[in-house]
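Residue strings, one per chain:
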Amino acid sequence: MFMRVLNKWIQKEPSKNAITILKDRYFLKDGEGNYLESTWDEVAKRIARHVAAAEVNYTNDVEEIKNAEEHFYQLIKSRIFLPNSPTIFNAGKTMDRQLFKKDIEETTLEDYKTIFDSRTKHNMLSACFVIPMDDSMNAIFDAVKNAALIMKYGGGVGYDFSVLRPKGSSIAGTGGKSSGPISFMHVFNTAASTIEQGGARRAAQMAVLRYDHPDVFDFINSKKDNKGNNVLNYFNISVNIDNPKEFKKMLEEDGDLTLEHPASSIRKTIKANDLMNKMVENAWKTGDPGMLFLGRHNQYYAMSEHTPVTATNPCGEEPLPPFGSCNLGSIDVAKLVEDMDLGNPNSDDISEFQEIIYWAVRFLDDVIESNIYPLKEIEEISKKQRFIGLGMMGLADALYIKELPYNSEQARKFMAKLTAELAYFSHIASTELAKERGNFQDFQRSKYPDGFIPFPMLDDEIDEDIKAWNEKIRQHFQGEATKYKRNVQTNTIAPTGSISNLADTSSGIEPNFLLSYVRYMTNKEGDRVPLSYINPILMEKIGTNMTEELKAEIIEKGSIQNIDSIPNEIKKIFVTSMDIPPKDHLLAQHVIQSYLDASCSKTINMPKSSTIEDVKAIYLQALELNLKGLTIYRDGSLETQVLTSASKE
Ligand code: CDP
């Protein structure tokens, strides 16, 4: 209807693998477990109608609402844009099915109003939350309850445990001693273990602790018990180093670091290098802890002077203030690159990409209204600041199509330009919406009226196109954005762990982990269902040379780098996570993060043979680059790996 590429994708049905996932997790069911839906079309219509109904807040013109619904529907049906899982699970849930079965022509303003007014607690649509706690029993157990509710409806929760006094500190009221933040993390973990998010998947949480908290070593070691067993399985953990440059200096000078807490008399002096070495050693062993640089997050957050961010969501891409929430959505760039010259500031296709982004931003802004929030505090800040996280998926597949090796300078320039374009048009869209709907409530107190740019940007010198995007961005933030902004932040790149499977594309901004694999999904009946996959772009590239024998070899190895019969030009392009040197993962994160006001989910994959020193080198480089955080994973260091090539099973 409104775009050339949509017509191409709207007819394409999801793959067999995608349908298996839809059936297991996303199709609505009645109270007895009977399916109420059986096609992707029904799901797309349900989401589009539920979210468009929020526009009754802005207009009485039913045609305008229908127009929004139609655009949302087309974006979702084509899988060019997908919202985060809770929106797919929970939009329209428990509502009158007849309202969603009506043809759009027959849908009335009253129908939209009925949908909007009949929302219940089951219609929680956001993926990301941060819940605060105080250093008191009451507050901690309130936080457990609040988090449990959020997780039940499909959201992930992050917490800053730094506020809790260290183990062994005195407790005035009882004369006893505090058991410390790690013991409380176990309470949250147990609560999470009893919850299936949205009735469909494991709960996920993030625990953050400051690097100078006296229990920081226990925290770093917290994911193993005394016997070496894995514990706290429902947590990712990150050490917050507010000022990475200062910490790096401390390491270089082999300086001392004082561990202390305002509510405790406990003080310890340690070598900064001992802390670094412990983090690196554990990350080498298990991938945890990650590093988080909240100071940098706050530097680029327009409300940091009033409500600084204190933690991130479970996968690390969304920093939030206490009681903050964010809903995410991702554009599949692999579906667009064949037909659009993405990233080029002078392209003729710009208006089409801009239009996709406008409707995606409008959708996410509508989600803020159509969402039911688990707590009134969350509703309040979410509506005052209006965080949304539009990101992308399918980057690795897009690079295969464009024949750019992920680990090349050329690819990095493309990544930077593409993210700059995404950021620029998302912010333009947010400004357009503000003109119609009003600024986010806290706008005047924010940094935007002063011409603030919410991300660092790359050097103008790197490339002419990058310079052109930088100029457009500067112009926007020094011009219209000083007056109009609907959303405090607009861009986040999620892992898209589930939705990229629904879209049949590569996840987020990650390289493909394997070119072919067998993935086992445990369904509701407890049976393991194999989902086998071979990258379709590679299949097409190899064409008629793809013999059964070669296919079997690719499935066996997961990567093509050691297959003699495949030409080198193809090997160079079709790289996997493990084929790419860690520093190139880091550089990809760096260029992409340079244009994101929130952050991105990115793992720095390292080969199994990497030493502790190799991990340390990456950690040190991350302190130097303008990153907002770091997660590494050394191949084989966790016993449970979700994906396996046939040879590693
Ligand atoms: O693909 P999908 O929308 O399901 O999720 P994702 O992009 O992999 O993850 C986005 C965010 O959803 C995470 O950072 C968490 O906040 C949340 N999430 C969760 O709470 N529980 C999970 N099992 C997976 C994701």
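Quick look at the structure, then. All values reported here derive from a predicted model rather than from experimental measurement. (Residues numbered from 1 in each chain as written. Predicted model: local features only at pLDDT ≥ 70, side-chain atom pairs only at ≥ 80, totals over all residues. Heavy atoms only, no water.)

Topic: the nonpolar core
Phase 1 of the analysis: By size, the foremost hydrophobic cluster in this structure holds 192 residues, and its most contacted members are Y159, F161, F247, I331 and Y595.
Phase 2 of the analysis: Looking at which element gives the most residues to this core, the answer is helix α17 (residues 409-437), with 13 residues.
Phase 3 of the analysis: Every residue in contact with I331, bar those within four places of it in the chain, is listed here: I80, F81, L336, F353, I356, I357, L390, G391, M392, M393 and L422. (Core = buried A, V, L, I, M, F, W, Y, C linked by side-chain atoms within 4.5 Å. Buried < 20%, exposed > 50% of the residue type's maximum accessible area, 1.4 Å probe, protein only. Helix = DSSP H or I, 4+ residues; strand = E, 2+ residues; numbered from the N terminus. Contact = heavy atoms within 4.5 Å.)

Focus on the packing of helix α23 (residues 582-593) against helix α24 (residues 612-624)
Phase 1 of the analysis: For the pair α23 and α24, the least separation of the axes is 11 Å and the interaxial angle reads 20°. When the axis of α23 is compared with that of α24, the two are roughly parallel. In this structure, α23 crosses over α24, and the sense of that crossing is right-handed. Side by side, α23 and α24 meet where P582, K583 and L586 of the first sit next to I618, Q621 and A622 of the second. (Axes fitted to C-alpha atoms, helices over the stretch in contact; angles between N-to-C directions. Parallel < 35°, antiparallel > 145°, perpendicular 65-115°, else oblique. Left-handed = near helix turned anticlockwise from the far one by under 90°.)

Description of the site of the ligand
Phase 1 of the analysis: In the vicinity of the ligand lie 20 residues, with S85, Q197, R201, N313 and T496 positioned nearest.
Phase 2 of the analysis: Contact distances for the ligand include 2.7 Å between an oxygen atom and a side-chain N or O atom of R201.
Phase 3 of the analysis: When the free accessible area of the ligand is taken as 520 Å², the share hidden by the protein chains comes to 92%.
Phase 4 of the analysis: The class makeup of the residues in the shell around the ligand is eight nonpolar, nine polar and three charged. (Near = heavy atom within 4 Å. Polar contact = N/O pair within 3.5 Å; in protein donor to acceptor, adjacent residues only side chain to side chain. Areas by Shrake-Rupley, 256 points an atom, 1.4 Å probe, with all protein chains shown as cover. Nonpolar A, V, L, I, M, F, W, Y, C, P; charged D, E, K, R; others polar.)

Re helix α12 (residues 272-286)
Phase 1 of the analysis: Helix length check: α12, at 15 residues, gives a terminal C-alpha distance of 21 Å against a target of 21 Å (1.5 Å per residue), a fit within 8%.
Phase 2 of the analysis: Considered for burial, the residues of α12 that qualify are A272, N273, L275, M276, M279, V280, N282, A283 and T286.
Phase 3 of the analysis: Among the residues trailing α12, G287 stands out with phi positive, at a value near 90°. (Expected span 1.5 Å × (residues − 1).)

Digging into the packing of aromatic side chains
Phase 1 of the analysis: Scanning the entire structure with this criterion turns up 24 aromatic pairs.
Phase 2 of the analysis: Ring centres 6.1 Å apart and planes at 70° place the aromatic pair F72 and W359 in the edge-to-face group. One end of the pair, F72, is in helix α4 (residues 62-77); the other, W359, is in helix α14 (residues 350-370), and 287 residues separate them in sequence. For the pair formed by F72 and W359, the shared burial category is buried.
Phase 3 of the analysis: Aromatic ring contacts, followed pair by pair, group F440, F443, Y448, F452, F455, F477 and Y595 into a single cluster.
Phase 4 of the analysis: R119 extends its terminal NZ or CZ atom over the ring of F116, reaching a point 3.8 Å from the ring centre.
Phase 5 of the analysis: The aromatic ring of W284 is capped on one face by R634, whose charged end is 4.0 Å from the ring centroid. (Phe/Tyr/Trp six-rings, centres within 6.5 Å; stacked < 30°, edge-to-face > 60°. Lys NZ or Arg CZ within 6 Å of the ring centre and 35° of its normal.)

As for the pairing of strand β15 (residues 516-522)
Phase 1 of the analysis: The element β15 is extensively covered by neighbouring structure, given that five of its seven residues are classed as buried.
Phase 2 of the analysis: Examined bridge by bridge, β15 and strand β16 (residues 528-534) share seven bridges and lie antiparallel to one another. Bridged to T522 within β16 is R528. (Pairing = 2+ DSSP bridges.)

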